[in-house]
Amino acid sequence: METRWLYTNSYDFPALREASEGVCIIPMGCIEKHSVHLPLGTDILKANRLCYMASQIETAAVFPDFTFGDTPFGAHAQRPEGTVCLDVRTQLMLLEELCDEIAANGFNKILVVNAHGGNARWLDVFSRNINTRPHDYVWGYIRPSDTMTPHTMARIILEKGSGSIPELTKEDEELVIKYHKMEMRCGHACMGETTYMMGVTPENVHLDRLGMEDGLPQPDPCQKLEDAGIITDSHGWFRRFPNWYEGHDPVGSNERLGAAALRLESERIARAIKAFKEDTWLWEHHCSVQL
């Protein structure tokens, strides 16, 4: 069934709403630098693909992308080429009005699939604010896992044995287990995000550029403030990772790993959609939830 809002026509729309049992999901991301080897739209491209795949497992209407996210920068983090950032107040207002419009079309359960960590804080604010006024829907958000590769995959293989992730070759299994045992760092433009993009748009992943920028933490000039318990902007992430890159180089990432990561994560999101459908308590109490 066609689940994407933009691809559905007015005649078929009621059938989509009924099959979705009133659940609509919103892919959310941002436009920002992901080192020099991944697309600027990595987060929203990942969210878009995962939402569609999940909706084919557990039917839900997929709203058009909420592309713009919170990507702060300042004197410590100059604007990288191509990065776009809207004021958080604009994003709060935009999401509220979009949710109102989704509800006006008959969907009473709205789930944001947020693929950009920088959005988490303002989504928490949105979650609190939405309950201060009357509204005829419940709302929640889920964040896709960036550690699907190598850590989650390695744990699956170690627990269930070789062949438990059918997309992978023996060499792929050895790679993710090796990276898992060496406690490979994953965070931003890392092995996880790189592998997702190898599944979504491999032609726009430039593995030949690995090594051009360092993804490991740099000394934080404000470490004394952090040690004193003072939380500064983005917890100092931009000071420690000035290349907008956090993680060991994802050497060996490939399309097989990408296909497996997309499948495993879309199945997890589908389970969340199913749980959201089946819940009655939230609707009765008009609360929001993070899954």
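Summary of the structure given here. None of the values given here were measured: they were computed from a predicted structure.

## Quick word on the overall build of the chain
Consideration 1: Along its length, the chain carries eleven helices and seven strands.
Consideration 2: Rg of the C-alpha trace for the chain: 20 Å, near the compact-globule value of 19 Å for 291 residues, within the 12% margin.
Consideration 3: Dimensions of the chain, computed from C-alpha atoms along their principal axes, come out at roughly 50 × 50 × 30 Å.
Consideration 4: When each of the 291 residues of the chain is scored for burial, the buried share is 48%.
Consideration 5: Within the chain, residue pairs in contact and separated by at least 24 positions form 78% of the contacts whose partners lie at least 6 positions apart.
Consideration 6: Carbon and sulfur atoms provide 52% of the accessible area of the chain, an area that totals close to 13700 Å².
Consideration 7: Within the chain, the 42 negative side-chain charges are centred at a point lying 3 Å from the centre of the 28 positive side-chain charges.

## Thoughts on helix α5 (residues 148-160)
Side chains that are three or four residues apart share a direction in an α-helix, a result of its 3.6 residues per turn.
Consideration 1: The complete set of buried residues in α5 reads M148, T149, P150, H151, M153, A154, I156 and I157.
Consideration 2: Against α6 (170-181), β5 (186-188), α7 (191-200) and α10 (255-278) lie the buried residues of α5.
Consideration 3: Looking one or two places after α5, you find G161, whose phi comes out positive at around 100°.

## As for the nonpolar core
Consideration 1: I25, M153, I165 and I273 are the most contacted members of the largest nonpolar core, which has 45 residues in total.
Consideration 2: Sorting the residues of this core by element identifies β1 (23-28), α2 (42-57), β3 (109-114), β4 (138-142), α5, α6, α7 and α10 as the ones contributing at least two each.
Consideration 3: When residues of this core are assigned to their parent elements, the largest contribution, ten residues, is made by α10.
Consideration 4: Excluding residues that lie within four positions of it along the chain, M153 makes contacts with M148, I165, L168, V176, L257, A260, A261 and L264.
Consideration 5: Counting 24 residues, the second-largest nonpolar core is a separate cluster that includes L16, L95, Y137 and W139.

## A short note on the side chain of S35
Consideration 1: Assignment of secondary structure puts S35 in the loop between β1 and α2.
Consideration 2: Judged by relative accessible area, which is 6%, S35 ranks as buried.
Consideration 3: Here E213 takes part through its side chain, which lies 3.1 Å from a polar atom of the side chain of S35.
Consideration 4: Setting aside residues up to four positions removed in sequence, S35 forms contacts with A189, E213, N243, W244 and Y245.

## Focus on the environment of D214
Consideration 1: With respect to the helices, strands and loops of the structure, D214 is situated in the loop between α7 and α8 (223-227).
Consideration 2: For the pair D214 and C24, spaced 190 residues apart in sequence, the C-alpha to C-alpha distance is 39 Å.
Consideration 3: Residue contacts for D214: discarding those within four places in its chain leaves N243 and Y245.
Consideration 4: Among the polar contacts listed, one links the side chain of D214 to the backbone nitrogen of L216, at a separation of 2.9 Å.
Consideration 5: Of note is the side chain of D214, whose polar atom sits 3.4 Å from the side chain of Q218.

## Topic: the pairing of β1
Consideration 1: Counting buried residues along β1, six of its six residues qualify, which places the element largely inside the surrounding structure.
Consideration 2: Judged by which residues are buried, β1 turns out to be covered on both faces: V23, I25 and P27 on one side and C24, I26 and M28 on the other are all buried.
Consideration 3: Taken together, the six bridges between β1 and β3 define a ladder with parallel strand orientation. Bridge pairing in β3 places V23 opposite K109.
Consideration 4: Note that β1 and strand β2 (residues 61-62) share two bridges and pair parallel. Pairing of I25 across the sheet is with V62, part of β2.
Consideration 5: For the segment spanning β1, α2 and β2, crossover handedness is right-handed.

## Some points on the side chain of H135
Consideration 1: Mapped onto the elements of the fold, H135 is located in the loop between α4 (120-130) and β4.
Consideration 2: Taking relative accessible area as the criterion, H135 reaches 12% and is therefore assigned buried.
Consideration 3: Within the structure, H135 has its side chain in polar contact with the backbone oxygen of I130 (distance 3.1 Å).

## Focus on the pattern of salt bridges
Consideration 1: Scanning the model with the defined rule gives 15 salt bridges in all.
Consideration 2: For R4, the salt bridge is made with E2, and the minimal N-O distance between the two is 2.9 Å.
Consideration 3: Residue R4 is classed as partly exposed on the basis of its relative accessible area, which comes to 25%.
Consideration 4: Looking at E2, the relative accessible area reads 28%, which means it is partly exposed.
Consideration 5: Residues joined in a network through salt bridges with shared partners are E96, D100 and R133.

## A closer look at the packing of aromatic side chains
Consideration 1: Evaluation of the coordinates by the stated rule reveals ten aromatic pairs.
Consideration 2: Between F13 and F107, the aromatic rings sit 5.8 Å apart at their centres with planes inclined by 85°, giving edge-to-face as the arrangement. Of this pair, F13 sits in helix α1 (residues 13-19) while F107 is found in the loop between α3 (88-104) and β3, placing the two residues 94 residues apart along the sequence. The two residues F13 and F107 agree in class, both being buried.

Cut-offs used in this document
- Residues numbered from 1 in each chain as written.
- Predicted model: local features only at pLDDT ≥ 70, side-chain atom pairs only at ≥ 80, totals over all residues.
- Heavy atoms only, no water.
- Helix = DSSP H or I, 4+ residues; strand = E, 2+ residues; numbered from the N terminus.
- Rg over C-alpha atoms; globule rule 2.2 N^0.38 Å.
- Buried < 20%, exposed > 50% of the residue type's maximum accessible area, 1.4 Å probe, protein only.
- Contact = heavy atoms within 4.5 Å.
- Areas by Shrake-Rupley, 256 points an atom, 1.4 Å probe, with all protein chains shown as cover.
- Lys, Arg positive; Asp, Glu negative; His and termini not counted.
- Charge placed at Lys NZ, Arg CZ, Asp CG, Glu CD.
- Core = buried A, V, L, I, M, F, W, Y, C linked by side-chain atoms within 4.5 Å.
- Polar contact = N/O pair within 3.5 Å; in protein donor to acceptor, adjacent residues only side chain to side chain.
- Pairing = 2+ DSSP bridges.
- Right-handed = clockwise from strand over helix to strand, strands pointing away.
- Salt bridge = Lys/Arg side-chain N within 4 Å of Asp/Glu carboxyl O.
- Phe/Tyr/Trp six-rings, centres within 6.5 Å; stacked < 30°, edge-to-face > 60°.

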